[in-house]
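For reference, the chains in residue letters:
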Amino acid sequence: MSDTQRSGAGASGEELLSLDATELARRLHAREVSSVEVTRAHLERIEAVDGDGGGDGVHAFLHVDADGALAAAEVADRAIADGGPVSPLAGVPIAVKDNMTTTDMPTTCGSRILDGWRPPYDATVVGRLRAAGLVPLGKTNLDEFAMGSSTENSAFGPSRNPWDLTRIPGGSGGGSSAAVAAGEAPLALGSDTGGSIRQPGAVTGTVGVKPTYGTVSRFGLVAFSSSLDQIGPCGRSVLDAALLHEVIAGHDPRDQTSVDAPVPPVVEAALAGARGDLAGVRVGVVSEFAGEGYQPGVSAAFTDAVRVLGELGADVVEVSCPSFSYALPAYYLIAPSEASSNLARFDAMRYGLRVGDDGSRSTDDVMSLTREAGFGAEVKRRIMIGTHALSAGSYDALYGKAQKARTLIVRDFTAAFETCDVLVSPTTPTTAFRIGERIDDPLAMYLADLCTIPSNLAGNAAISVPCGTSADDGLPVGLQVMAPALADDRAYRVAAAYETARGESTGPRIPELRALEGSR
Ligand code: GLN
């Protein structure tokens, strides 16, 4: 790289794509580069590698708003030029998972049932992005209504992992993480109900954060499982995620579950972690998250990450959380139960699709035909499981028991956090699997969430940070750092210290995508 490029003057489009959001923001503020240039470089990148969903591209996006993005970029450039106070991420492009409402773009949730629906309001987080001068590029692909672990349940075709286009980028927010990994966006928003930010982060070699439940407004997030859903940041570095976290977090009276508490100082923690060691930090390795079902290369990368934490001065101990073994079955009763109720609103009258409304049919029949045509197989499976779990004859044995298991999991966390500041585990038991490999086996698909779900059930904070690649297939592995509720900063500090000690950039994996660029 020449000195001119390094200083930013005349930075090439490709160089801009490999920078993290922190460095982009620095150059934008120093006026070494304009937001219009940065935005244009990302739009060109999307054009080059995203494809049209037909199977040859990353397909991270369901909708790209080039005109809107360039207009927002111009506004950010003017604000920076005016010299007034602008937020740290002003002018930086971002991708938004397509289950958050936007007035200027469609919101599909990856479902046919929302065909043609235009939300009349922006989600609070989208409003916050706009107010902070970030530049929304478009809406990213997801498993239908965020139900899945691979994006294969999207009605619009799967996204592909930029590391290997035959593999899944995780889910449900695979589009957001794939966009960040492929250099299509430096930042993205995801939502995490059972792992949908962290698991895609792990398998695409990017950072993904589930903040403490209730600390980021869900107003305008299309509800899946309301006691679990949480919006959070995706980025290429821990500090990038922290900067975005502080833009989106904070109390919102329009979300009745919003916590009215100060936002944990996550940027300060990420900076402190990157600068300092972990002397005196008590790190608990969850002993249940190992052994059978864990890919050897994943276990090896995780063990090495734990060694690094020890070298940084952390006191590493093993902790047992025996009730975590109930997390998966409990989640797959609680989440579908809440989904079956939340998805009742798609009644053919209020939103999007309406099938068979020719005057000859009853309202019930139109509703039934619309839901039959509009929902995909996994969504129907969840509605059936949830409706059954909540029915009078099964409620105590299924839903009730799952709630008791949830309480035991919360108690395990409480006990573990009495002796540990953070807990760590692999984020996922395996690396990215092949597209099609698990689609006919829901249980195998659900296993992808084994390590991420406990934090959703308990509501605490958790980060996935890249921890190298698996020796058996060369694909990325994620280290999960879990912290108590409202102590998100602890997870950021440990993740940032680890990231800095590892010292490897998590920039976009451009080589795999060269062929695609060449073919266009
Ligand atoms: N994969 C999990 C599920 O299918 C989690 C999804 C999510 O976090 N949105 O429910």
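Quick notes on the rules
- Residues numbered from 1 in each chain as written.
- Predicted model: local features only at pLDDT ≥ 70, side-chain atom pairs only at ≥ 80, totals over all residues.
- Heavy atoms only, no water.
- 1 Å grid on protein atoms, 1.4 Å probe; cavity = no way out; pocket = protein on both sides within 12 Å on 5 of 7 lines; lining within 4 Å.
- Points joined across faces, edges and corners; volume = space filled by probe spheres on them.
- Nonpolar A, V, L, I, M, F, W, Y, C, P; charged D, E, K, R; others polar.
- Salt bridge = Lys/Arg side-chain N within 4 Å of Asp/Glu carboxyl O.
- Helix = DSSP H or I, 4+ residues; strand = E, 2+ residues; numbered from the N terminus.
- Expected span 1.5 Å × (residues − 1).
- Contact = heavy atoms within 4.5 Å.
- Axes fitted to C-alpha atoms, helices over the stretch in contact; angles between N-to-C directions.
- Parallel < 35°, antiparallel > 145°, perpendicular 65-115°, else oblique.
- Left-handed = near helix turned anticlockwise from the far one by under 90°.
- Polar contact = N/O pair within 3.5 Å; in protein donor to acceptor, adjacent residues only side chain to side chain.
- pLDDT = per-residue confidence, 0-100.
- Near = heavy atom within 4 Å.
- Buried < 20%, exposed > 50% of the residue type's maximum accessible area, 1.4 Å probe, protein only.
- Pairing = 2+ DSSP bridges.

**Remarks on empty space enclosed by the protein**
- Inspection of every chain in the model, using the stated rule, returns three cavities of 30 Å³ or more.
- Approximately 70 Å³ is the volume attributed to the largest cavity.
- Lining the largest cavity we find 15 residues, and of these Ala 146, Gly 148, Ser 196, Tyr 331 and Asp 449 sit closest to its centre.
- The class makeup of the residues in the lining of the largest cavity is five nonpolar, eight polar and two charged.
- Taken as a whole, the second largest cavity holds about 50 Å³ of empty space.

**A look at the pattern of salt bridges**
- Applying the stated rule across the entire model yields 21 salt bridges.
- One salt bridge connects Asp 304 with Arg 307, and the closest N-O pair in it is separated by 2.8 Å. Linking Asp 304 with Arg 307, this pair stays in helix α11 (residues 296-311), spanning three residues, or about one helical turn.

**Considering unusual backbone geometry**
- Residue Ser 172 follows Gly 171 across a cis peptide bond; omega there is 5°.
- Inspection of the secondary structure puts Ser 172 in the loop between β3 (135-140) and α7 (174-181).
- Phi at Arg 31 is positive, roughly 55°, even though this residue is not glycine.
- In this fold, Arg 31 is placed in the loop between α3 (21-29) and α4 (35-49).
- One non-glycine residue with positive phi stands out, namely Ala 146, at about 70°.

**A short note on helix α15 (residues 396-419)**
- Taking 1.5 Å of rise per residue, 24 residues should cover 34 Å, and α15 covers 34 Å from first to last C-alpha, within 8% of that figure.
- Packing partners of the buried residues in α15 comprise α12 (327-342), α14 (377-390), β9 (422-426), α17 (453-458) and β11 (476-483).

**Focus: the packing of helix α9 (residues 238-248) against helix α10 (residues 266-275)**
- Viewed as axis vectors pointing N to C, α9 and α10 meet at an angle of 165°, and their least axial separation amounts to 8 Å. With respect to α10, the element α9 is oriented roughly antiparallel. Considering the relative orientation of α9 and α10, their crossing is left-handed. When α9 is examined against α10, the residues Val 238, Leu 239, Ala 242, Leu 243, His 245 and Glu 246 are found in contact with a partner set consisting of Val 266, Val 267, Ala 270 and Leu 271.
- For the contact of α9 with α10, the per-class residue count stands at eight nonpolar, one polar and one charged.

**Examining the environment of Asn 342**
- Among the secondary structure elements, Asn 342 is positioned in helix α12.
- In sequence terms Asn 342 and Gly 174 are 168 residues apart; their C-alpha atoms lie 23 Å from each other.
- Side chain to side chain, Asn 342 and Ser 226 meet in a polar contact 3.1 Å long.

**Some thoughts on the confidence of the model for the protein**
- Averaged over all residues, the pLDDT of the protein equals 94, while 95% of them reach at least 70.
- Residue range residues 1-9 is modelled with pLDDT below 50. Its contacts to residues more than four positions away, or to other chains, number 13 contacts.
- Throughout residues 507-511 the model reports pLDDT below 50, and contacts reaching past four residues in sequence, or to other chains, amount to 13 contacts.

**Here's the deal with the site of the ligand**
- In the vicinity of the ligand there are 15 residues, among which Thr 193, Gly 194, Ser 196, Tyr 331 and Arg 382 approach most closely.
- Separating a nitrogen atom of the ligand from a backbone N or O atom of Ala 146 is a distance of 2.8 Å.
- At 2.6 Å, a side-chain N or O of Ser 196 approaches an oxygen atom of the ligand.
- Residues of the shell around the ligand, tallied by class, amount to five nonpolar, seven polar and three charged.

**Points about the pairing of strand β10 (residues 461-469)**
- Burial of β10 is extensive: eight of the nine residues sit out of reach of the surface.
- With three bridges connecting them, strand β5 (residues 207-210) and β10 associate as antiparallel partners. Directly across from Gly 208, in β10, lies its bridge partner Ser 464.
- For β10 and β11, the ladder comprises seven bridges, and the chain directions are antiparallel.

**Some points on the packing of α12 against α14**
- Closest axis-to-axis distance for the α12/α14 pair is 7 Å, and the angle between their directions is 100°. Here α12 lies roughly perpendicular to α14, going by the angle between them. Every residue of α14 that contacts α12 at Tyr 332, Leu 333, Pro 336, Ser 337 and Ser 340 is listed here: Arg 382, Ile 383, Ile 385, Gly 386, Thr 387, Ala 389 and Leu 390.
- Counted by class, the contact of α12 with α14 contains seven nonpolar, four polar and one charged residues.

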